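Structural overview
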Amino acid sequence: MSKSVKIFWRIFFGGFAFIVLLILIINLGWLGSMPDLEDIENPTASLASQVFADDGTPMGKYYVEDRINVDYKDISKHAINALVATEDKRFYDHSGIDGYSLGRAFVFLGSEGGASTITMQTAKNLFTENWSTKNFLLRSIQKLKEVIIAIKLERNFTKEEILTLYLNTVAFGDNVFGIRNASRTFFQKEPDRINVEEAAVLIGMINGPGIYNPRSNPRRALERRNLVLNRMASKDFIPQAEADILKKKPIELNYRKLDENNGLGPYFRMILGEDLKKWCKEHKKNNGDNYDLYRDGLKIYTTINPRLQTYAEEAVAWHMANMQKLLNAQDNIKNGTVWKGYENVLETAMKQSDRWRNLKKEGLEEEDIRKTFYQKINMHIFAWNSTRGKDTTMTPYDSIKYHRQMLQAGFMVMNPLDGQIKAWVGGIDFKTYKYDHANINTKRQVGSTMKPLLYSLAIEEAGFTPNTTVYDNQQSFGEYGMVPATTKTCTGAAMPMALALAKSRNCATAYVLKQLDNGGNNGAKRLIDFLRKCDFTSKIPAYPAIGIGAVELSLYEMMQGYSMFPGRGYNAKPMYITRIEDRNGNVLATFAPHRKEVISDQTAYSLIRMMQGVMLFGTGAGIWNYDMPNGLEIAGKTGTTNDNSDGWFMGYTPQLLAGTWVGADDRFIRFKTESKNGEGGRAAMPIWAYFMKKAAADPNSGIDTKLTFAKPELMKEDIDIRNIDGSNTIPSGESEDGTTGTSKEYDVPKGIKLEDLGIGAESDVKIDEPKNTTAPKTGDKKDPKKTPEKPPANIPEKKAVMPPKKPGTR
């Protein structure tokens, strides 16, 4: 044997031994971590946690990588065939390594195609997510790791399982991972429903998720799709003739990505996410680690009803667009004088802006930064249109004014019998305004919506009845002063307490509080104790003025407080999660309703009838201008705070309780005091009316317009509110929260169409503008040819279907 031959064999065997040794060292993890057998047999990837509505509708996700797993049987065969034809045509013939492809890649240095098989790519997706280097030596070691893991995968999984693992982990662009998310995002379909051309589009993206993204690069995506179709035809997965026909079709996307700004209830999901992060910190997995909301693929089932949530969002959008139009027409808004004396607010907002912080980081002096805020630039701003935005040119300083002048809203819908929240709207546009106005930490003065709570205390503990005579006079509370502060709205008249509530009389309400007083300020303290019993947690100062609503509370708390009226004396704590599951469907936690009795059934019913009076001949009577469903029983209360800074309406039917607040984040941004637009009956109540009208018209919403509030069995006689209309007691237009409602007062500005706001396109029921009619009164003669606008003034002839009282309760 010649010397050269010996050298060759030495090099050959030496090289072979080196490679074997290198593989052994890599497999042992001496050159970086390697998954052990248990990891190989139980591969995991970061999974998005999903949020579901009460009917199973996906609402949104929390994720680092937007990924959801799917089973092989739920993947279209077209996607499987397209993948094999395009990425690894000998997939079913090799054991993780394709010798032909490996040799081709070695000879042509990758110019004619790579050596990675689907199994190797699966190994990379599952176990090498943090590998990224341009160093040739390190990359070679990483490739060897992929080969070793691929061989192990082939030994432990079937071909179908490997294909499933791959399609569940591969990236499709736009931070979308996995075939299920991709088919949902780009085509709004489950992965077993996509057709041949759609499968070709998705599989075509795998080789270059950014380059072949049909949303951002439609031309390249079309070319890539046609290449995939040709390869499917070459492997006889489809006839060539069919491929030629399909290649002539355009890509028909139905793109919708669920992220924090999109999907149902974005404000709700933000609040839910904060609660879930707390839950994860308090609960551990079997391995001792805390759950990770963004990686562990949790499934969160909520109480939100998707139909009611949609109607709630539409109602807020429709009404707030109209209200903003009215506010923008106000002279101090148009000429900018509303900001006189509040320049410090703009200064603070300017310094808290991203623009200011970024320029500060770049080293600009404060004077130079300030100058940039007065230079006009192109920008995208919020607008009341279908996209909730528009491009314009203005100075950054003016854009701060513009956005802060927008009226905001909070709206919540709840089942008062168990506390399940059915709809949650925290603002006018989550993309622009992240601050939530419905959660428990957002507090505003509640105005006259406090009065039903005070009146229920008076009935429950002081022997009052709806017919108890009260006096509409200013009251003295000694060192705490006079309530209300002025006598401007005091009439001095004597009236039934039911009428005082209907007309929202501040002075008469102060009289009721005074009767709870044993001297000094005891009445206010008794009211606070009662509110604590109702689980109000906000700080409440012990001043008599709280009786007429001079206290800041949250909409969330008000919902719980008001639940005792339709709940027959039982207070229901708001809840919005029913259960949490892990990625495999194992139940980790369940949540049950929490109710407790705070007033008697008789007291609750007395307040129901009194608040029906509010809606019949009081400050809420304007609701009937909105063409409410015939026979629907409604009870509620309006609320307005000083200078029209806050407008409230809390209302309920036998089945649903809903509350709404409207105002600006800066309280000096408001309707003028001489305008009725800022009153609760005008600013807030229409949202409730729009929502209820649309929900009641939907047979799938579960609302029965024929249900009535049930009279307690121990109450021998019903409370007849038909004889209390106040026409001879209080002059018209003297109510604290507005008048009974005439056509002039409840006209809505024209010019804004539902379709302009992106509303109604996917709904069978449209919200019409309110009718220019006067609120009906008891005893009015109706034209038999017209549909009667019948408020719930009659004494119920049938009882509502209500849950039975617990044994031993009143």
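Quantities reported herein were computed from a predicted structural model and do not represent experimental measurements.

**Some words on the overall build of the protein chain**
In terms of helices and strands, the protein chain carries 26 helices and 22 strands. Residues classed as buried in the protein chain amount to 54% of the 810 residues present. For the protein chain, the proportion of contacts with a sequence separation of at least 24, taken over those separated by at least 6, is 70%. Total accessible area computed for the protein chain in this model is approximately 36600 Å², and 50% of it derives from carbon and sulfur atoms.

**Focus: unusual backbone geometry**
In the segment running from V483 into P484, the intervening peptide bond is cis, with an omega of -5°. Its place among the elements puts P484 in the loop between β13 (482-483) and β14 (494-496). In this structure, R388 takes a positive phi of about 60° despite not being glycine. Mapped onto the elements, R388 comes out in the loop between β6 (377-381) and β7 (390-394). Not every positive phi belongs to a glycine, and S504 is a case in point at roughly 55°. Among the secondary structure elements, S504 is positioned in the loop between α20 (497-502) and α21 (506-515).

**What about the pairing of strand β9 (residues 421-425)?**
With respect to burial, β9 is a largely interior element, five of its five residues being buried. Taken together, the four bridges between strand β8 (residues 408-414) and β9 define a ladder with antiparallel strand orientation. Across the sheet, residue M414 finds its bridge partner in β9, namely I421. Linking β8 back to β9 in an antiparallel pair, the connection comprises six residues, with G419 at a positive phi of about 85°.

**Regarding the pattern of salt bridges**
Applying the stated rule across the entire model yields 33 salt bridges. Of the charged contacts in the structure, one is a salt bridge between K249 and E197, with a shortest N-O distance of 3.5 Å. Within this pair, whereas K249 is found in the loop between α11 (240-247) and α12 (266-282), its partner E197 is found in helix α9 (residues 196-205), the two being separated by 52 residues in sequence. Its relative accessible area of 14% is what places E197 among the buried residues. The structure contains a network of salt bridges with shared partners spanning E347, K351, E366 and R370.

**Structural notes on the nonpolar core**
F411, W424, F565, M628 and F691 are the most contacted members of the largest nonpolar core, which has 155 residues in total. Of the residues forming this core, the biggest block, eleven residues, is contributed by helix α13 (residues 306-328). Residues within four places of F691 in sequence aside, it is in contact with L308, Y311, A312, A315, F411, V413 and L656. Formed by 43 residues, the second largest nonpolar core is a distinct cluster that contains F157, I162, F187 and A200.

**Examining the packing of α13 against helix α26 (residues 685-697)**
Where α13 meets α26, the axes come as close as 8 Å, and the angle between the chain directions of the two elements is 140°. Overall, the two elements α13 and α26 adopt an arrangement that is oblique. Relative to α26, α13 is oriented so that their crossing is right-handed. Between α13 and α26, the contacting residues are L308, Y311, A312, E314, A315, V316, W318, H319 and M320 on the first element and P686, I687, Y690, F691, K694 and A695 on the second. A breakdown of the residues in the contact of α13 with α26 according to their chemical character gives twelve nonpolar, one polar and two charged.

**Some thoughts on the sheet that holds β8**
As summarised here, the arrangement of the five strands in space is β9-β8-β22-β21-β20, forming an open sheet in which the pairing is antiparallel. Either end of the sheet is taken by a strand with one partner, and the two such strands are β9 and β20 (635-640). Mean inter-strand twist for the sheet, computed between neighbouring axes without regard to direction, equals 5°. Along the sheet, α26 makes contact with β8, β20, β21 (646-652) and β22 (657-663), crossing β8 at roughly 45°.

**Observations regarding helix α24 (residues 601-617)**
Compared with the 24 Å implied by 1.5 Å per residue over 17 residues, the 24 Å span of α24 between its first and last C-alpha is a close match. Counting buried residues in α24 gives 16 out of 17 residues, a clear majority hidden from the surface.

**Some thoughts on the confidence of the model for the protein chain**
Overall, the prediction assigns the protein chain a mean pLDDT of 84, with 80% of residues at 70 or greater. Confidence drops under pLDDT 50 across residues 105-111; counting only partners more than four residues distant or on other chains, this segment forms five contacts. In the model, residues 739-751 has pLDDT below 50 throughout and makes 47 contacts with residues more than four positions away in sequence or in other chains.

**Some points on the sheet that holds strand β5 (residues 299-302)**
Working definition: the strands of a sheet are paired by backbone hydrogen bonds and lie parallel or antiparallel to each other. One open sheet holds the five strands; their spatial order is β2-β1-β5-β17-β18, and the pairing between them is mixed. The open sheet has two edge strands with one neighbour each: β2 (58-62) and β18 (587-590). Taking the axes of each pair of neighbouring strands and ignoring which way they run, one obtains an average angle of 20° across the sheet. Of the pairings in the sheet, the one linking β5 to strand β17 (residues 577-581) comprises four bridges and is antiparallel in character. Within β17, the position partnered with I300 by the bridge is I580. Across the face of the sheet, α12 comes into contact with β1 (49-52), β2, β5, β17 and β18 while running at roughly 50° to β2.

**Comments concerning the state of the cysteines**
Taken as a whole, this structure holds one disulfide when the rule is applied. Shown here is the disulfide that connects C490 with C507, its sulfur atoms set 1.8 Å apart. The sign of the -75° torsion about the S-S bond sets the C490-C507 disulfide as left-handed. Placement of the pair is C490 in the loop between β13 and β14 and C507 in helix α21, with a sequence separation of 17 residues. For the pair formed by C490 and C507, the shared burial category is buried.

**Remarks on α26**
Here α26 is 13 residues long and its end C-alpha atoms lie 18 Å apart, about the 18 Å a rise of 1.5 Å per residue gives. The buried fraction of α26 amounts to twelve of the 13 residues, a majority that puts the element mostly inside the structure.

**A few points about the side chain of N181**
Mapped onto the elements of the fold, N181 is located in helix α8 (residues 179-187). Apart from the residues within four sequence positions on either side, N181 is in contact with K61, D66, R67, I68 and V176.

**Section: the pairing of β17**
Bridge count for β17 against β18 is three bridges, and the pairing is antiparallel. Its bridge partner being in β18, I580 is matched across the sheet by A589. A loop of five residues connects β17 with β18, the two strands running antiparallel in sequence, and G585 in this loop sits at a positive phi of about 90°.

Thresholds, definitions, all that
- Residues numbered from 1 in each chain as written.
- Predicted model: local features only at pLDDT ≥ 70, side-chain atom pairs only at ≥ 80, totals over all residues.
- Heavy atoms only, no water.
- Helix = DSSP H or I, 4+ residues; strand = E, 2+ residues; numbered from the N terminus.
- Buried < 20%, exposed > 50% of the residue type's maximum accessible area, 1.4 Å probe, protein only.
- Contact = heavy atoms within 4.5 Å.
- Areas by Shrake-Rupley, 256 points an atom, 1.4 Å probe, with all protein chains shown as cover.
- Pairing = 2+ DSSP bridges.
- Salt bridge = Lys/Arg side-chain N within 4 Å of Asp/Glu carboxyl O.
- Core = buried A, V, L, I, M, F, W, Y, C linked by side-chain atoms within 4.5 Å.
- Axes fitted to C-alpha atoms, helices over the stretch in contact; angles between N-to-C directions.
- Parallel < 35°, antiparallel > 145°, perpendicular 65-115°, else oblique.
- Left-handed = near helix turned anticlockwise from the far one by under 90°.
- Nonpolar A, V, L, I, M, F, W, Y, C, P; charged D, E, K, R; others polar.
- Expected span 1.5 Å × (residues − 1).
- pLDDT = per-residue confidence, 0-100.
- Disulfide = S-S within 2.5 Å.

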